[in-house]
Amino acid sequence: MSVEVNKIDCAEPNDQSNKIDRYRRQFLGALGVTAAAAAIAPGVFLREVQAKPDGQAITNKVRWGMLIDTNKLPDGGDSMIAACKKEHGWGDDPHASPAQQSQWVRKVTFKDNLTKHETALPVMCQHCETAPCVDVCPTGASFKRDDGIVLVDKHICIGCRYCMMACPYKARSFVHEHLENQRPESPRGIGTVESCTLCVHKIDKGEQPACIEAAPAKAAVFGDLNDPESSISKALAKYGAQQIRSDLGLNTGVRYWGI
Amino acid sequence: MRDVRASFCKGGAVSIVPTPIIRTSVALCLALLLGACDSNPPELMAATKQFATEQEKSLHVAEMRTNHMHLLTHKRDETMYRGIRTAKHSLNACIDCHVPMPTAQKVVKHTDAEHFCATCHIEVAVKLDCFQCHADRPALTTAEVAQ
């Protein structure tokens, strides 16, 4: 099984375009307003996220990543957050206070004081290449899979919450209470830390994360950062994108446009 | 002379009990114990899918009675670290077959004595941690949730 991904148009401007056109095009593209959007041929798909056979182990040839265009998220990512909640069942733990509720994705809003422009973006685990949570974990429960997905092995997590302290993105939550009615694909339980899994159960089947499926058209791209031919790599190579707290040098797997 | 057995207790007191009485009471206790310790496991809820032949079934039962915990632990690490998600030895696959689908009238949870896993685990008094995190029953399909 494989999933079809909308193709992001990355074609070079044709020869007739003059330099100004090309510059303008890149500038708009980088802003995420994307003149390129108009050029996307409808119905052009790339088969990108290949399903691996069930019995085959993951490899480090692949590194999964995500590119989110905040300019194309009119709701600031609410639809993506709702899809995540539905997929994993977090956020409604009956005895938790609002401050204790798990939050796998949070909506962060910031305002430019000069222009008064407000930007909202969904912030989840950024799946860092050099993840601080993995560094500090005393039991090895916090780990990075070969394909770059950072996970908590709840079988050996002792709930010390060092990783929550270490994460610069506040991406991790702790479950304080006995839970019932968990989703079969997404086990969650008392005394363990949890965070975005990049919908690892779906990726292993060749599907895309739930938030990507729920995002408005072309607002989010998911793919293999190691494959120069993947639409995410092409888009990143052409337009670039920001990492949150890039000063930390964590080489995050989740990148943003428009912040 | 009467056949007696003397044993010295901690306090130094001597207790004298005739052997036939000991023998009888030990035999009685053993009989009672054996009667209570039926080597057959309790009656289990039938699985949704049944094997085609009796031989396959008994092989599966024999293997799982002895090894299910090892297989589950092994599979758990394979899935967690290497992304191997075959149906064989997957906890979700076990549950889908062995625990009945929830209905409007009845939901079988792992705390119920009739839950497939609970039946034996209660009998042998072994605590089961899996379901603190894992789903203890098959997932409802979207249509059922809507109902």
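The rules behind each value
Residues numbered from 1 in each chain as written. Chains lettered and ligands numbered in written order. Predicted model: local features only at pLDDT ≥ 70, side-chain atom pairs only at ≥ 80, totals over all residues. Helix = DSSP H or I, 4+ residues; strand = E, 2+ residues; numbered from the N terminus. Buried ≥ 20, exposed ≤ 12 C-beta atoms within 10 Å, placed from the backbone. Contact = placed C-beta atoms within 7 Å. Core = buried A, V, L, I, M, F, W, Y, C linked by C-beta atoms within 7 Å. Pairing = 2+ DSSP bridges. Axes fitted to C-alpha atoms, helices over the stretch in contact; angles between N-to-C directions. Nonpolar A, V, L, I, M, F, W, Y, C, P; charged D, E, K, R; others polar. pLDDT = per-residue confidence, 0-100.

**Some thoughts on the overall build of chain A**
Secondary structure assignment for chain A yields eight helices and eleven strands. Looking at chain A as a whole, 39% of its 259 residues are labelled buried. Across chain A, every contact between residues at least 6 apart in sequence was considered, and the portion connecting residues at least 24 apart equals 68%.

**Looking at the nonpolar core**
Of all hydrophobic cores here, the largest spans 52 residues; its most connected members are L67, C84, V105, M124, C211 and A220 of chain A. Membership of the second largest hydrophobic core comes to nine residues, among which are C94, V99, F116 and F131 of chain B.

**A word on the sheet that holds strand β10 (residues 220-224) of chain A**
Residue and element names in this part refer to chain A. Read from one edge of the open sheet, three strands run β10-β3-β11, paired in mixed fashion. Each edge of the open sheet carries a strand with a single partner, namely β10 and β11 (254-257). Mean inter-strand twist for the sheet, computed between neighbouring axes without regard to direction, equals 20°. Sheet analysis places strand β3 (residues 64-69) next to β11, joined by four bridges and oriented parallel.

**Examining unusual backbone geometry**
Residues and elements named next belong to chain A. Positive phi values are uncommon outside glycine, yet N181 reaches one of about 60°. Positionally, N181 belongs in the loop between β8 (173-174) and β9 (193-194). Phi is positive for C199, which is not a glycine, with a value near 50°. Take C199: it is sitting in the loop between β9 and α6 (200-203). Overall, C199 belongs to the buried group, with 25 C-beta atoms counted inside 10 Å.

**Topic: the interface of chain B and chain A**
The interface of chain B with chain A comprises 14 residues on the first partner and 16 residues on the second. Looking at the side of chain B that touches chain A element by element, the count peaks at four residues for helix α2 (residues 54-82) of chain B. When grouped by side-chain class, the residues that make up the side of chain B that touches chain A number six nonpolar, five polar and three charged.

**A short note on the pairing of β10 of chain A**
The side chains of a regular strand alternate between the sheet's two faces. Residues and elements named next belong to chain A. Most of β10 is tucked away: five of the five residues are buried. In terms of strand pairing, β3 meets β10 through five bridges, oriented antiparallel. Among the inter-strand pairings, M66 is bridged to a residue of β10, identified as F222.

**Here we look at the pairing of strand β5 (residues 118-123) of chain A**
Residue and element names in this part refer to chain A. Pairing of strand β4 (residues 106-111) with β5 involves six bridges; the strand directions are antiparallel. Following the sheet pairing, F110 is matched in β5 by T119. Here β4 folds back onto β5, and the loop between the two strands holds six residues, one of which, K116, carries a positive phi near 65°.

**Concerning the confidence of the model for chain A**
Residue and element names in this part refer to chain A. Summarising the model, chain A shows a mean pLDDT of 85, and 81% of its residues fall at 70 or more. Element-level mean pLDDT values for chain A span from 39 in helix α2 (residues 35-39) up to 98 in β9. A low-confidence stretch, residues 27-47 stays under pLDDT 50, and its non-local contacts, those more than four residues away or across chains, total 33 contacts.

**Here we look at helix α8 (residues 231-239) of chain A**
Turning to α8 of chain A, its buried residues are S231, I232, S233, K234, A235 and Y239 of chain A. Where α8 of chain A terminates, the next one or two residues include G240 of chain A, which has phi positive at roughly 70°.

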